Amino acid sequence: MELSKTFDPKSAEEHWFQLWIDRGYFKADPDREGDPFSIVIPPPNVTGQLHLGHALNVTLQDVIVRTRRMQGFNTLWVPGTDHAGIATQNVVEREIAKGGKTRHDLGRDSFVERVWKWKETYGGKILHQLRRLGASCDWSRERFTLDPGLSRAVARVFVRLYRDGLIYRGRRMINWCPRCETALSDLEVEHKDAQGHLWHIRYPLADGSGSITVATTRPETMLGDTAVAVNPADERYTALVGKKIRLPLIGREIPIVADDSVDREFGSGAVKITPAHDFNDFELGRRHHLEQISVMDTHASMNPAAGPYQGMTREQCRKQVVADLTAQDLLEKIEPHAHKLGVCSRCDTVVEPMLSDQWFVAVNKPGPNGKSLAGAAIEAVENGDTTFHPKFWENTYFSWMRNIQDWCISRQLWWGHRIPAYWCMRCEDAEPIVTEERPTACLKCGGADLRQDEDVLDTWFSSGLWPFSTLGWPDATPELKRYYPTSLLLTGFDIIFFWVARMMMLGIYCIDDRPERERVPFREVYITPLVRDQYGKKMTKSRGNVVDPLEIMEKYGTDAVRFTLAQLAVQGRDLILSDDRLAASRAFANKIWNAARFVMMNLADAPQPLKPVDPADLGLAERWILSRLDNAVREVTEAIDAYEFNRAALIVYQFIWHEFCDWYIELAKDPLKAGGASQAAARYVLVECFDRMLRILHPFMPFISEEIWQALRPYFSATDLSEHLAVAKFPTPSVTPWLSPAEETAMSSCIAATQAVNSLRSLLGWNPGQRVKIVMKRMTSDSFAQFQPWLPYLRALTKSESVMFEQVSPGRQVVFAHIERLGDVGIETPDAFDFEVARTKLRKQLDEVSKYERQHDARLKDENFTRKADPETVTETQQRREVLQGQMYLLSEQLQQLEQAN
Ligand SMILES: [Zn+2]
Ligand SMILES: [Zn+2]
């Protein structure tokens, strides 16, 4: 197989991915040997489009999964999607709205059918995009949270929790979207900055002795007021506590109560309390046993309790209430007021806090084993049964879990798992019948008129079962036995609470037939960094700085995108993506490609496979590169084990680009030309290195690595060679070292000497091909002895005519550089070289750079600047100062060398 002149990512990506799938390389088999390594993918919403967050998350998962597969683990990576309740329902609602219809026109059954049809047609899109990234999931095990199997698991868990007394129905305050007509989770509410008003309303005391003024941002809710509250320490109101006021417009008498939660500084220090339409008021109302009066219906229009305002929308009602209060001279003043406004994340409608009958999971109540769901989930992390990377996220987890409230799991939607509770139409006030299968008759009266609860479950309920429902639970499947607990979960920090915490609680609760350590859904959790743009800004639609992963994959190739993401994934730090980084990764791919072409060209007449060379017959350079490769293998393995993806990528990069391409390929050029035994050795080592370095590159850049590996495969002399790189063995370092420590040192000296010669050559203004005469001096006898074998390499690398020790050709001058642990290395200069001119030039450059550096330094020392400028400008200035300081250092080094020259 030939390698074309340039790498074509597109055809390689399509070809190899299809081949891997056809060969079944990613298929898991619980019966196969090897320690299990399992991951469940965080299921993207079925409505989803691939964004950079997914691309990062899936790339890092794939790096780990491919590594573990190559290391011989019995690997399973489960893919799938989430039905995403409200998100999907809204997509289809918008679709039918184009034909002027609402879901109510269709009715529940045909609407749900419609959503299924939409899912069949469009729902696979995001998974196709994940495949394009190269995700090595077991695609034969794709799951969907509404699959029959997963739905059975959902019903089983619901019924169990209900029977254990951990699910109940209650009247609680929830966020309600009046357009979607459903309860929303906190995650589904977005908080926007809004410019509103603060209305100061006078409430007359019932005994006619005066009035108390309350301040509110929502005057229309006063119709549902059942108290006025003040701070007990607020002396302005001490005398009024316990008295009653007569609520304007409605005429209801309500008490003035004292409560610590009232902020004395807000408005007048007295607040109206509407327990049925405000979260804080609800809590305060419970403490004071206040009545809860809902004044709105499910569309947020005023209901009969709003008296004369019945039928108005909340906006109309606000206007009318303000007008009526003004007419009665009860409006003291109106102030502008900035506040946060909760809106539905799906439809942008202002959310209404409402009292509503909902289903809840009691997370703090002791279950059958005496532990609460939250308590057991906290304990598991405290015990280290599950650990977080980076570790500090455990604190976030703890603080959330220790303050957790009962979980509202019902949604008034049609798309989702319908709650398995059935109400008898004959028995009023009866408990519902909660069973997995629809019952045929009422247990109490035998009546057959049963109605299933209308609500569906919060979408996080089913995704909370994902790590075991996808493995076949509640059945005792071989998969569950082999792959649970899963090894690792990779996810974003924003869903630690919504998803990670729920999986922890439900996993430990459901998998109760195992020792405690084995109940957690995953052993480790890796929290992925946030991706930001090149200026460090968060990517948002409104900023217009969102990078589409498919676009950059098209432009730079998938391997380059994956490599960039891995290289930037530093634990605990945001990831800053720029075109420069992507271009650098593409250049890296090209560098590897060109190196492979160079090697292929030099194999034209070589036997297939190559004859292995006895290690004793390898030259120093050959043993050196094999030693460096061992080192890279060792460090990459450690970095991946520690989930330090950036470090792992950097090691691979450094080895391939610098040690292999920059140095070894240069060193191999002469032996390749020489023919005979040295040619055979160089060929063997080049091919050997390629084999192993492609194996450590593969998890990061699967496509280009497979393509090159296939081209070189006929030359590989290993006896247990797999057919494809995707299932080749991950390398381990050689047992016996290739080089002694002294030899290692000598080679680093050789590299340093070469670099010094090259920089001296450019200092003299010569082109890089110019032949030079090297002079070495001030070497210790040890370093001289150690360096002796490397002299031919130094000559080859520096293209020098000769190397002389302690002597100079008559009438010549030398510029020297000092190499640590070696001595001085210099090159002879021609007679005509004018040192003074060169020095003057350098001094001028140094002056320029120093001037700039001082300017930057002064800015950074100026508090006016550092405090007022935005942080990005400050960082940029700091970085520029560092670059300038680096330039200054180099220039003064060079100047010093020239000054030593005569
Ligand atoms: Zn909505
Ligand atoms: Zn009944």
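Everything in this summary refers to the structure shown in the same document. All values derive from a computational prediction rather than experimental measurement.

**Quick word on the coordination of the zinc ion (ligand 1)**
- Looking at the zinc ion (ligand 1), the protein donor atoms are Cys177 (SG), Cys180 (SG), Cys344 (SG) and Cys347 (SG), and they sit 2.2 to 2.4 Å from it.
- One can describe the site at the zinc ion (ligand 1) as tetrahedral: its 4 donor atoms subtend angles covering 104 to 116 degrees at the metal.
- Summarised as a motif, the one-chain spacing of the donors to the zinc ion (ligand 1) is C-x2-C-x163-C-x2-C.

**Quick notes on the coordination of the zinc ion (ligand 2)**
- All of the protein donors around the zinc ion (ligand 2) are Cys424 (SG), Cys427 (SG), Cys442 (SG) and Cys445 (SG); their distances to the metal are 2.2 to 2.4 Å.
- Between consecutive donors of the zinc ion (ligand 2), the numbers of intervening residues give the motif C-x2-C-x14-C-x2-C. Of the two residues, Cys424 is situated in strand β18 (residues 421-424) and Cys445 in the loop between β19 (433-434) and β20 (450-452); the sequence distance between them amounts to 21 residues.
- Overall, Cys424 belongs to the buried group, its relative accessible area being 10%.

**Here's the deal with the packing of helix α20 (residues 645-674) against helix α21 (residues 676-697)**
- For the pair α20 and α21, interaxial distance at closest approach is 8 Å and the crossing angle is 165 degrees. Of the possible angle classes, the one that applies to α20 and α21 is roughly antiparallel. Along this stretch, α20 crosses α21, giving a crossing that reads as left-handed. When α20 is examined against α21, the residues Val652, Phe655, Ile656, Phe660, Tyr664, Ile665, Ala668, Pro671, Leu672 and Ala674 are found in contact with a partner set consisting of Gly676, Ser678, Gln679, Ala682, Arg683, Val685, Leu686, Cys689, Phe690, Met693, Ile696 and Leu697.
- Looking at side-chain class alone, the contact of α20 with α21 contains 18 nonpolar, 3 polar and 1 charged residues.

**Some thoughts on helix α19 (residues 620-641)**
- With 22 residues, α19 extends 32 Å from end C-alpha to end C-alpha; this agrees with the ideal 32 Å at 1.5 Å per step.
- By the criterion of burial, α19 is predominantly enclosed, with 17 of the 22 residues buried.

**Notes on the packing of aromatic side chains**
- Under the definition given, this model contains 39 aromatic pairs.
- Members of the aromatic cluster, each reached through a chain of ring pairs, are Phe158, Tyr162, Trp359, Trp407 and Phe461.
- Between the NZ or CZ atom of Arg131 and the centre of the ring of Trp139, over which it lies, the distance is 4.5 Å.
- A cation sits over an aromatic face here: Arg160 above Tyr509, 4.9 Å from the ring centre.

**A short note on the pattern of salt bridges**
- Inspection of every chain in the model, using the stated rule, returns 59 salt bridges.
- Arg156 is the salt-bridge partner of Glu436, the closest N and O atoms lying 2.5 Å from each other. Taken as a pair, Glu436 in the loop between β19 and β20 and Arg156 in helix α7 (residues 148-163) lie far apart in primary sequence, 280 residues in all.
- Using a relative accessible area of 28% as the deciding quantity, one classes Arg156 as partly exposed.

Thresholds, definitions, all that
Residues numbered from 1 in each chain as written. Chains lettered and ligands numbered in written order. Predicted model: local features only at pLDDT ≥ 70, side-chain atom pairs only at ≥ 80, totals over all residues. Heavy atoms only, no water. Donors = N, O, S within 2.8 Å, 3.2 Å for Na, K, Ca; no water. Tetrahedral: all angles 85-135°; square planar, octahedral: opposite > 155°, others 65-115°. Helix = DSSP H or I, 4+ residues; strand = E, 2+ residues; numbered from the N terminus. Buried < 20%, exposed > 50% of the residue type's maximum accessible area, 1.4 Å probe, protein only. Axes fitted to C-alpha atoms, helices over the stretch in contact; angles between N-to-C directions. Parallel < 35°, antiparallel > 145°, perpendicular 65-115°, else oblique. Left-handed = near helix turned anticlockwise from the far one by under 90°. Contact = heavy atoms within 4.5 Å. Nonpolar A, V, L, I, M, F, W, Y, C, P; charged D, E, K, R; others polar. Expected span 1.5 Å × (residues − 1). Phe/Tyr/Trp six-rings, centres within 6.5 Å; stacked < 30°, edge-to-face > 60°. Lys NZ or Arg CZ within 6 Å of the ring centre and 35° of its normal. Salt bridge = Lys/Arg side-chain N within 4 Å of Asp/Glu carboxyl O.

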